[in-house]
Amino acid sequence: MHWYVIHTKPRQEQRALLNLEQQGYECYLPILATEKLRQGALSLIEEPLFPRYLFIRLGASQSGQSWAPIRSTLGVSRLVTFGTDPAKVDADLISTLRTQNSSARQNPQRMFNVNDQVQIISGPFAGLEAVYQMQDGESRAMVLIQFLSKPIRLAVSPANLLKVG
């Protein structure tokens, strides 16, 4: 049994994964948890590590599970090939991806980290640089600005911040 690469239709990785698994195929879709701005608030989003691609485990010969239904599966565009040969992926790579993916899901990638330099891009303090402190419970970010030679804590919408450097 070898791992191969499936090319999916745009934004249909989960659909292809579900439909292939329902047909009895062993599949793997690496997921990355990241923080994104959605409607002005920071939210945790899970998205594919490799957009439009997932991995499938198949027998090397046609005598095993049939390859024919893969192309007609909802969400699947095609099996990735180099010429006429399907693109093989090393099993060690898949196991490494699975190991790192499980730790990445527990520690999502944050848009802003404590002590990041940010710039306020709109509002009365537009153009000022600040130091990101934390996200408060009401979809705002707490930042420190220098105002009259003193550090002042200020609550700002994350949509109004831009990471500097």
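Up top you'll find the structure we're talking about.
Bear in mind the structure is a predicted one, so any value in this text is a computation, not a measurement. (Residues numbered from 1 in each chain as written. Predicted model: local features only at pLDDT ≥ 70, side-chain atom pairs only at ≥ 80, totals over all residues. Heavy atoms only, no water.)

S.K.: Please give an account of the pairing of strand β11 (residues 129–135) that cites residues and values.
M.R.: Note that strand β10 (residues 117–120) and β11 share 3 bridges and pair antiparallel. Residue V118 lies in a different strand from β11, and its bridge partner there is A130. (Pairing = 2+ DSSP bridges. Helix = DSSP H or I, 4+ residues; strand = E, 2+ residues; numbered from the N terminus.)

S.K.: Go over the packing of aromatic side chains with me, naming the residues and quoting the values.
M.R.: Evaluation of the coordinates by the stated rule reveals 4 aromatic pairs. Look at Y28 and F55: their rings are 6.4 Å apart centre to centre, the planes differ by 20 degrees, and that puts the pair in the stacked class. Linking Y28 in strand β2 (residues 26–28) with F55 in strand β5 (residues 53–58), this pair joins segments that are 27 residues apart in sequence. The same class applies to Y28 as to F55, namely buried. It is R98 that lies over the ring of Y28; its NZ or CZ is 4.7 Å from the centre. (Phe/Tyr/Trp six-rings, centres within 6.5 Å; stacked < 30°, edge-to-face > 60°. Buried < 20%, exposed > 50% of the residue type's maximum accessible area, 1.4 Å probe, protein only. Lys NZ or Arg CZ within 6 Å of the ring centre and 35° of its normal.)

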